[in-house]
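Okay, here's what each chain looks like letter by letter:
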Amino acid sequence: MRRAPSWPRHAIMIAVSVLMLIPFYWVLKTSLTGENIYAYPPRIVPVDPHLYNYVDVWYLIPFPRYLLNSLIVTAMAICGNLLFNTAAGYALTKQFPGRRWIVLLLLSCMLIPFQATIIPAYLITAQLGVLNTHLGIALPLLSTIICIFIFKASFESVPRSLIDAARVDGLGEWRIVVRILLPLSKSAVATNVILTFIWSWNAFMWPLIVTRSPEMQTLPLGLARFLSVLEDTTGALYAFVVLVLVPGLAIFLMAQKEFIRGLTSGATKG
Amino acid sequence: MAGITLRAVRKSFGEVAVVHGVDLEIADREFVVFVGPSGCGKSTLLRMIAGLEDITSGEISIDGRVVNELDPKDRDVAMVFQDYALYPHMTVYENMAFSMRYRGVAKDEIRRRVGHAAKILDIESLVARMPRQLSGGQRQRVAMGRAIVRDPKVFLFDEPLSNLDAKLRVQMRTEIKRLRERVATTTIYVTHDQVEAMTLADRIVILNHGRIEQIGTPEEVYDTPATVFVAGFIGAPPMNLLPQQDVLMGVRPEHLVWHSGSEAPFLSGRATVVEPLGSDTLVSLDVAGTQVIARLPPKLVRRAGEEVALAADPANIHYFDRTTGNRR
Ligand SMILES: Nc1ncnc2c1ncn2[C@@H]1O[C@H](COP(=O)(O)OP(=O)(O)OP(=O)(O)O)[C@@H](O)[C@H]1O
Ligand SMILES: [Mg+2]
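Rules and cut-offs
Residues numbered from 1 in each chain as written. Chains lettered and ligands numbered in written order. Predicted model: local features only at pLDDT ≥ 70, side-chain atom pairs only at ≥ 80, totals over all residues. Heavy atoms only, no water. Helix = DSSP H or I, 4+ residues; strand = E, 2+ residues; numbered from the N terminus. Buried < 20%, exposed > 50% of the residue type's maximum accessible area, 1.4 Å probe, protein only. Contact = heavy atoms within 4.5 Å. Areas by Shrake-Rupley, 256 points an atom, 1.4 Å probe, with all protein chains shown as cover. Lys, Arg positive; Asp, Glu negative; His and termini not counted. Charge placed at Lys NZ, Arg CZ, Asp CG, Glu CD. Pairing = 2+ DSSP bridges. Axes fitted to C-alpha atoms, helices over the stretch in contact; angles between N-to-C directions. Salt bridge = Lys/Arg side-chain N within 4 Å of Asp/Glu carboxyl O. Near = heavy atom within 4 Å. Polar contact = N/O pair within 3.5 Å; in protein donor to acceptor, adjacent residues only side chain to side chain. Nonpolar A, V, L, I, M, F, W, Y, C, P; charged D, E, K, R; others polar. Core = buried A, V, L, I, M, F, W, Y, C linked by side-chain atoms within 4.5 Å. pLDDT = per-residue confidence, 0-100. Buried area = accessible area lost by both parts, 1.4 Å probe.

A word on the overall build of chain B
Here comes step 1: A tally of regular secondary structure across chain B gives eight helices and 18 strands.
Here comes step 2: Structurally, chain B occupies a C-alpha span of about 75 × 45 × 30 Å along its principal axes.
Here comes step 3: By the burial criterion, 51% of the 328 residues in chain B qualify as buried.
Here comes step 4: Summarising the internal contacts of chain B: among those between residues at least 6 apart in sequence, 63% fall at separations of at least 24.

What to know about the overall build of chain A
Here comes step 1: Each helix and strand in chain A was counted, giving 13 helices and zero strands.
Here comes step 2: Scanning chain A from its N terminus toward the C terminus, one meets helices and strands in the order α-α-α-α-α-α-α-α-α-α-α-α-α.
Here comes step 3: Counting only C-alpha atoms and orienting by the principal axes, one finds that chain A spans roughly 70 × 70 × 35 Å.
Here comes step 4: A buried classification covers 39% of the 270 residues belonging to chain A.
Here comes step 5: Restricting to contacts in chain A with at least 6 residues of sequence separation, those with at least 24 account for 73%.
Here comes step 6: Summing over all exposed atoms, chain A offers an accessible surface of approximately 16,000 Å²; the carbon and sulfur share of this is 70%.
Here comes step 7: Computed over 20 positive and 11 negative side-chain charges, the separation of the two mean positions in chain A equals 15 Å.

Structural notes on unusual backbone geometry
Here comes step 1: The omega torsion across Ala236 of chain B and Pro237 of chain B is -10°, close enough to zero to call that bond cis.
Here comes step 2: As for its position among the elements, Pro237 of chain B is in the loop between α8 (228-233) and β11 (240-244).
Here comes step 3: In this structure, Asn132 of chain A is a non-glycine residue whose phi angle is positive, near 60°.
Here comes step 4: Position of Asn132 of chain A among the secondary structure elements: in the loop between α5 (118-127) and α6 (134-138).
Here comes step 5: Given the relative accessible area of 21%, Asn132 of chain A is considered partly exposed.

Some remarks on the pairing of strand β17 (residues 307-312) of chain B
Residue and element names in this part refer to chain B.
Here comes step 1: Only one face of β17 is buried: it carries Val308, Leu310 and Ala312, and the other face, with Glu307, Ala309 and Ala311, is open.
Here comes step 2: Sheet topology note: the strand β13 (residues 256-258)/β17 ladder contains three bridges and is antiparallel. Each residue of the ladder has a partner; that of Leu256, found in β17, is Ala312.
Here comes step 3: The sheet contact formed by strand β14 (residues 267-276) and β17 spans four bridges and is antiparallel. Its bridge partner lying in β17, Leu267 is registered against Leu310.

What to know about the sheet that holds β13 of chain B
Residues and elements named next belong to chain B.
Here comes step 1: Taken together, five strands build an open sheet; the order of strands is β13-β17-β14-β15-β16 and the sheet is antiparallel. The open sheet is flanked by β13 and β16 (290-296), the only strands paired with a single partner. Recorded for the sheet is a direction-independent mean angle of 50° between the axes of neighbouring strands.
Here comes step 2: Where β14 lies against strand β15 (residues 281-287), six bridges are found, and the strand directions are antiparallel. Bridging from a neighbouring strand, Val274 pairs with Val283 of β15.

Considering the pattern of salt bridges
Working definition: two side chains of opposite charge can pair if their charged atoms are close together.
Here comes step 1: Across all of its chains, the model carries 23 salt bridges over all chains by this definition.
Here comes step 2: Between Arg150 of chain B and Asp169 of chain A there is a salt bridge; the shortest N-O distance is 3.5 Å. Of this pair, Arg150 of chain B sits in the loop between α4 (136-148) and β7 (154-158) while Asp169 of chain A is found in the loop between α8 (160-168) and α9 (173-181), placing the two residues in two different chains.
Here comes step 3: A relative accessible area of 7% places Arg150 of chain B in the buried class.

Concerning the site of ligand 1
Residue and element names in this part refer to chain B.
Here comes step 1: In the vicinity of ligand 1, the residues found are Phe13, Val18, Ser38, Gly39, Cys40, Gly41, Lys42, Ser43, Thr44, Glu159 and His192.
Here comes step 2: Between ligand 1 and Ser38, the relevant distance is 2.4 Å, taken from an oxygen atom to a side-chain nitrogen or oxygen of the residue.
Here comes step 3: The separation between an oxygen atom of ligand 1 and a polar main-chain atom of Gly39 is 2.8 Å.
Here comes step 4: Relative to its unbound accessible surface of 630 Å², ligand 1 loses 58% to contact with the protein.
Here comes step 5: When residues of the shell around ligand 1 are assigned to their parent elements, the largest contribution, three residues, is made by helix α1 (residues 42-50).
Here comes step 6: When its residues are assigned to classes, the shell around ligand 1 shows three nonpolar, six polar and two charged.

Remarks on the sheet that holds strand β8 (residues 186-191) of chain B
All names here are of chain B.
Here comes step 1: Pairing in this open sheet of six strands is mixed, and the strands run β6-β7-β8-β3-β9-β10 from one edge to the other. Only two strands of the sheet have a single partner each, and these edge strands are β6 (77-80) and β10 (211-216). Within the sheet, the average angular offset between the axes of one strand and its neighbour, ignoring direction, is 15°.
Here comes step 2: Bridge count for strand β3 (residues 31-35) against β8 is five bridges, and the pairing is parallel. Looking across to β8, one finds that Phe31 is bridged to Thr187.
Here comes step 3: In the packing of α4 onto the sheet, the strands contacted are β6 and β7, and the crossing angle to β6 comes to about 175°.

Concerning the nonpolar core
Residues and elements named next belong to chain B.
Here comes step 1: Residues Leu6, Phe34, Leu45 and Leu156 are the most contacted members of the largest nonpolar core, which totals 53 residues.
Here comes step 2: Other than its neighbours up to four places away in sequence, Leu156 contacts Leu46, Ile49, Ala50, Val77, Ala78, Met79, Val80 and Ile188.
Here comes step 3: Grouped together as the second largest cluster of nonpolar side chains are 45 residues, Leu86, Val149, Leu161 and Val230 included.

A few points about the confidence of the model for chain B
Here comes step 1: When the pLDDT values of chain B are averaged, the result is 93; 100% of them are 70 or greater.
Here comes step 2: In the predicted complex, the global pTM is 0.84; the interface-specific ipTM is 0.87.

Observations concerning the interface of chain B and chain A
Here comes step 1: At the interface, 23 residues of chain B touch 16 residues of chain A.
Here comes step 2: Counting each side, the surface lost to burial between chain B and chain A is near 1,700 Å², with a carbon and sulfur contribution of 61%.
Here comes step 3: Of all residues in chain B, Tyr87, His89 and Tyr102 of chain B give up the largest surface area on contact with chain A, accounting jointly for 33% of the area buried on that side.
Here comes step 4: Linking chain B with chain A are two salt bridges, by the criterion used here.
Here comes step 5: Across the contact surface, chain B and chain A share ten residue pairs in polar contact (both at pLDDT 80 or more).
Here comes step 6: Of all elements in the fold, only β6 and α2 (92-101) of chain B reach the threshold of two or more residues within the side of chain B that touches chain A.
Here comes step 7: Classifying every residue of the side of chain B that touches chain A by side-chain character gives 13 nonpolar, two polar and eight charged.

Structural data, given as C-alpha cells:
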C-alpha cells in the first residue's frame, strides 16, 4: 500500500503557521522601525531597523522595575501553585470522609468568575496587610483549581504499587510526592508552570487593584501607563510588547513538549 | 532475622470482612507460602504484615515486637510486587540503592551491597539501564535485587512470577530456590500456583475466604489434607471426591491403579476422555454419575468408551465429613 504524499498536509500547516506568525512579525518589525502602523501600502521588510526604541523603553520608563515585579510575582505564583496544587492533588487521590463534597466544592468554585470575587479577595488581602506588596499581587494566583485536578489525574495514573514500594522503601508522604510522583508527572508540572506563567504574567485587573505605588506595578500595568504618558509611542510601545512577550515565549518553547502531553494525557492512555 | 506472629488478625473494608481471624506462627528463616484461590485475602494479609493496610483487629508482631502501629518503613520488611513496581525514572542501580539512601547507609556501603546483589542475581551488566529497557525476567530480578540489598528482617513476595511466561516462571522458581540457600531470610511468598507453593515452601498456608484451611509442610498438605477444600486445591489434577452416605471419599488420580486381581475393583466406569501426556495418561471416568480422573501408565486405555476398572490402596483413601468438609 502506498502512503498518501505528505506535502499537501505540510503545505497547509506552513500556510497556517505563517498566518499565525504575521502579527508577531508585525510587532517585531514595528518595534525596530517605529513606522506608522496605518502607513499604506504597508512595508513587508523593515526599512533601517534600529534598537533605539528598546533603549528608550529600558531607560525612559522604569521598565526594569516592572520586569522585576512581574518576575517576582510570577515566581511566587508558580512556586505557590506547585506547592499547593501537588499537595491538594495528592490529597484528593486518597479516600477520606467528605472527599466527594470537597471535589464538588472545588468544581463549583471554578464556575465563579474572578471578577465576582474581587471584593472579598481585596478585603482578605487588606486584612492580611499585604496590599501593595508582591505577595498581595500573587495571592489569588497561588493555587488554581484546574491545575489541582491536572495533578490529581496525573498522580492517579501512577501505579499504586509504586507508591506502596516507596512506602516500604521508607519514604514518608512528602518524599513520595517529591521523589516518585512529581518526576513521573513532568507534563502536569510543565502544564501548571506554563498556565500559571501566562495568567500571572498577563494579569491586569488584580494588580491594578492591589498596587498603589508605581514601584509595585507589573508589566501589563506599566504598559497601560506607558500608553497614557507618552506621545507618538508606536515604536517604543511595540518594543515594550516584544520585551513582555519574550520571557513567555522562552518558557513555552522550553516546556512545550511536556505541556502538550499534559493537556492531552488522559485522551491517550500512557 | 526474625519470626512473625499473627494473632486473630482480621480485616474489613468498610462493611465487608475479608480476613476472618488468622492465627499463624512463622519461625525465623522459615519460607512460608500463602496459597489460595483468587480473592481469598492473600494479598490483603501480606499487605497488613508489610504495613500497607491497617489491621482491623488482632495483632501482628515481627521479631517479638508488635508492629500494628508501625509504618512500613519502621517494620524493616522488603516487598516484591506482582508488577515489580520498579521506579521508571531511575536506573536499575538507583532502584536498588533507593531505599538505603533513606536509611543512612554510607555511599560506599550502598555500592558494595548493590554490586553484591547484582552479582548474586546475575544482573551486573544491567545496572545502568532504565527499567523500560529490561525484559520481564530481568525486571523480576531487579525487583528481587531491590529487596535483597536491604537485608531486611522479612521478605514479602506477592505473586512475583505471575507475569512471566510459563518457561521463565519455572526457571525463576528454581532460581528463587537457589537464592534461598544464599540469603536465608524469613520469607512469606504469596501465590495461587500450587506447584510454586509445593516446590518452594517450608510450610504452606492454604487460605480460603479469608480463613486458614490448613498449615503444614508440602508433604503434610498433600498426604493428609485437613479439609475437602485443601484436598481439591493441592494436587493437579485435584483429588477425586466420591460421595458415600455421610462422607466424601477422596482419592488422588495418581493413587488409582489398574485393577488386575480377582476381587471386586475399587471403582469402575466408562472412560469419557483420554488425555495422553507422554509419561502417563489422564483418563476421565464416569463412575455412577461422578467424574473421576485417574493418572495411569500410558497405553493402558486408548480411547474413550472403554470400560475401566481401577484399584486403590486403602492407605491412600481419605474421608471427609460431608457437611463440615473436615477430615475424618
Ligand atoms: N481496597 C479494597 N477495598 C475493598 N475491598 C478490597 C480491597 N482490597 C481487596 N479487597 C477485597 O478483599 C478480598 C481479598 O483481596 P486480595 O487482594 O487479598 O485477594 P488475593 O487473595 O490476593 O487474590 P488474587 O490471587 O486475585 O491476588 C477480595 O474480595 C477483594 O475484592
Ligand atoms: Mg493478590
